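# Secondary and tertiary structure notes
Read off the chains here:
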Amino acid sequence: MGVSEAPAVRVRIAPSPTGFAHLGTASTALYNVLFARQRNGTFALRVDDTDVERNRPEYELLIYEALRWLGLDWDEGPDKGGPYAPYRQSERVDLYKQNAVKLLAEGKAYKCYCTPEELDAERRQAQAERRPYKYSRRCLIDPPKDRTEFAVRFKVPGGKVNFTDMIRGEMTFDADLIGDFIVMKSDGYPTYQFASPVDDALMKITHVIRGEEHLSNTPYQLMIIDALGYERPAAYAHMPLILAKDGAKLSKRKHPEANLALYREKGYLPEAMINYLALLGWNPGTQQEIFTFDELVRVFSFDRVQHAGARFDWEKLNWINGEWIRSLDDAELARRLQPFLPKLDAATIAAAVPALKTRMTKFSDATALLEYLWTDPTPPTLDSESIERISAAAEALKDVAWEPSAIHERLMQVVEASGQGPNKTFMPLRLAVTGKKISPPIDYTLALLPEEVAMERIRRVLGT
Ligand code: GLU
């Protein structure tokens, strides 16, 4: 048996529970999970909840729920525990304090007494002089004697910070351009820039896989890890940002597609979401577009992840979802449809499945397509030709066996006799029975209703 030199792979996501669960969280989680599964590694969920003002426990639950729905379960986390517990940053504040004290004691950080107004003035002055802003180090050089309230500021050592990005290759940042930054705020809470690398190091994270918006944070965080004498993660991967269709950054406020809960509500399949999210930012290098999770584990690699932002595309998602819907067997489809059709019994849903399968891109479509089964439509006003067609259809449907194929046969006879296209007969019939222009194929539309109800709706339009 060979002994591997490299430490076991450990990855994490670190969402902040400050609002609804975000699509980006699912995407980052997916790439982390794929990588962890490929390497027999461990996937941890750490909750970045040090923003006391904006965090809510219910948002944390929304994250759990959305990730579980997608099947992206974690091995360690606040609800599960694990060897590096606690997994909520709000419960780790003492650890951050100890690490800040260590930096202070070693002269790698200093107390900063500046007020927000003073810092603002420094910033404005730099702006006026058209130079990039860096903290002046005034509290390092000449700390005020009369103040007690302070933040802890990291003394940036400067030089170059190098690291490996699994997508972008070898990265170099010039730390001389980075000003000393705050690690502990005066309220005793750490900044993200401090808590995150401390946890990555203490939790023995080997690969940090996260959104591209954090690429510029990495040199800050590596300087912290180095200053504390911890071991760095072996590599980072910064995944492309997910953009709205128009190329704008996906915003929680403006783009409903940012909200993960929406997909479950609308009846997208978790399998299809995983498939779509994998392709949003990564390509397999082949024509294949439909992937199961297990296939993704086999073929995913960071070298095929794109550098540019990934535009969200409803059409593609709908197509993938439709493919997944059609791949389910009828019984499974009926079972999954049930929550979307609470007014229908299991037998009716089962009877509707073959017709829905071809006309649905998502389960909520079924609700609209079948609404006429539990809502009596307002009878439409039709022209005399349409009335004639319906009348012929009504005649032909007398004592037909009430099921789709027999109904279909009779209606095709009516169509043939009319010498016109099928829609001239089907559309007025559909309107009479459902009140809508879109419904399942007409034979199913009729057969799914009890015969007396369908015929009554037809007679009502005919005035007979
Ligand atoms: N809380 C950060 C976020 O939600 C975590 C970033 C990271 O993975 O380091 O983006």
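My aim in this report is to walk through the structure given alongside it, one point at a time.

What counts, and at which threshold
What you see as residue numbers is a count from 1 along each chain, following the sequence as written. pLDDT decides what is reported in this predicted model: residues at 70 or higher carry local features, side-chain atom pairs at 80 or more are listed and counted, and totals for whole chains, interfaces and linings draw on all residues regardless. Only hydrogens and water are set aside when side-chain values are computed; all heavy atoms of the structure are taken into account. Note on conventions: DSSP H or I runs of at least 4 residues are helices, E runs of at least 2 residues are strands, and numbering of each starts at the N terminus. The reference for a compact globule is 2.2 Å times residues^0.38; the radius of gyration itself is calculated from the C-alpha atoms. Each residue is placed in one exposure class: buried if its accessible area under a 1.4 Å probe, protein chains only, is under 20% of its type's maximum, exposed if it is over 50%, and partly exposed if it falls in between. Working rule for contacts: check all heavy atoms of both residues, and any pair within 4.5 Å makes them a contact. Only the protein chains shown count as cover for residues, and all accessible areas are computed by the Shrake-Rupley method using a 1.4 Å probe. Under the counting rule used here, the positive set is Lys and Arg, the negative set is Asp and Glu, and His together with the chain ends is not counted. A charge is said to be at NZ when it belongs to Lys, at CZ for Arg, at CG for Asp and at CD for Glu. Two strands pair if DSSP finds at least two bridges between them. Geometry is summarised by axes, namely lines fitted to C-alpha atoms with helices restricted to the contacting stretch, and by angles between N-to-C directions that run from 0 to 180 degrees. Disulfide assignment relies on a single distance test, namely cysteine sulfur atoms paired within 2.5 Å. Looking down the strands as they point away from you, a crossover is right-handed if its path from the first strand over the helix to the second goes clockwise. Two rings from Phe, Tyr or Trp (for Trp, the six-membered ring) form a pair when their centres sit within 6.5 Å of each other. Planes less than 30 degrees apart are called stacked, planes more than 60 degrees apart edge-to-face, and all others tilted. In our convention, an over-ring charge means Lys NZ or Arg CZ found within 6 Å of a ring centre and within 35 degrees of that ring's normal. Any carboxyl oxygen of Asp or Glu within 4 Å of a side-chain nitrogen of Lys or Arg constitutes a salt bridge here.

### Notes on the overall build of the protein
Of regular secondary structure, the protein possesses 19 helices and 11 strands. Against the compact-globule benchmark of 23 Å for 464 residues, the protein has a radius of gyration of 30 Å, which places it well outside the compact range. With respect to the principal axes defined by its C-alpha atoms, the protein has extents near 100 × 60 × 35 Å. Across the 464 residues in the protein, those meeting the buried criterion constitute 49%. For the protein, the share of sequence-separated contacts (at least 6 apart) that also reach a separation of at least 24 residues comes to 74%. Counting only carbon and sulfur atoms, one obtains 51% of the accessible surface of the protein, whose full area is about 22,400 Å². A distance of 5 Å separates the average location of the 60 positive side-chain charges in the protein from that of its 65 negative side-chain charges.

### Examining the sheet that holds strand β4 (residues 151-154)
Sheet architecture is open: 3 strands sit in the order β3-β4-β7, paired in antiparallel fashion. The sheet is open, and its two edges are formed by β3 (109-112) and β7 (181-184), each paired on a single side. Ignoring strand direction, the axes of neighbouring strands in this sheet form an average angle of 45 degrees. In this structure, β4 lies alongside β7, joined through 3 bridges in antiparallel fashion. Counted as the bridge partner of F154 is F181 from β7. Where helix α3 (residues 93-105) meets the sheet, its contacts fall on β3, β4 and β7, and the angle it forms with β3 comes to roughly 105 degrees.

### Quick notes on the state of the cysteines
Under the counting rule described, the total for this entry stands at 0 disulfides. Between C112, a cysteine without a disulfide, and C114, which holds the nearest cysteine sulfur, the sulfur-to-sulfur distance is 3.9 Å. Free of any disulfide, C139 has its nearest neighbouring cysteine sulfur in C114, separated by 3.6 Å.

### Brief notes about the pairing of strand β2 (residues 42-45)
Pairing geometry for strand β1 (residues 10-13) and β2, over 4 bridges, is parallel. Directly across from R12, in β2, lies its bridge partner A44. This β-α-β element, β1 to helix α1 (residues 23-38) to β2, shows right-handed connectivity.

### Some thoughts on the environment of L382
Mapped onto the elements of the fold, L382 is located in the loop between α14 (363-370) and α15 (384-397). Along the backbone, L382 and M412 are 30 residues apart, and their C-alpha atoms lie at a distance of 21 Å. L382 has contacts with I387, I390, P428, L431 and V461, leaving out every residue within four places of it along the chain.

### Some words on the packing of aromatic side chains
Taken as a whole and judged by the stated rule, the model has 18 aromatic pairs. Note on Y263 and F312: the rings are 6.2 Å apart at their centroids and 50 degrees apart in plane angle, and the pair reads as tilted. Note that Y263 is positioned in helix α8 (residues 260-266) and F312 in the loop between β11 (310-311) and α11 (314-327), a separation of 49 residues in sequence. The exposure class assigned to Y263 is buried, which follows from its relative accessible area of 0%. Ring plane angle 80 degrees and centroid distance 5.0 Å describe the contact between F300 and F302, whose orientation is recorded as edge-to-face. The burial state of F300 is the same as that of F302; both residues are buried. Counting every residue linked through ring pairs, the aromatic cluster contains Y31, F35, W282, F291, F300 and F302. It is R153 that lies over the ring of Y135; its NZ or CZ is 3.7 Å from the centre. Of note, K252 hangs over the ring of F20, and the distance from its end group to the ring centre comes to 5.4 Å.

### Section: the pattern of salt bridges
By the definition in use, this model includes 35 salt bridges. Close ionic contact of D199 with R46 constitutes a salt bridge, the shortest N to O distance being 3.6 Å. Placement of D199 in helix α6 (residues 192-202) and of R46 in the loop between β2 and α2 (57-69) is noted, with a sequence separation of 153 residues between them. Pair check on accessibility: D199 and R46 agree, each one buried.

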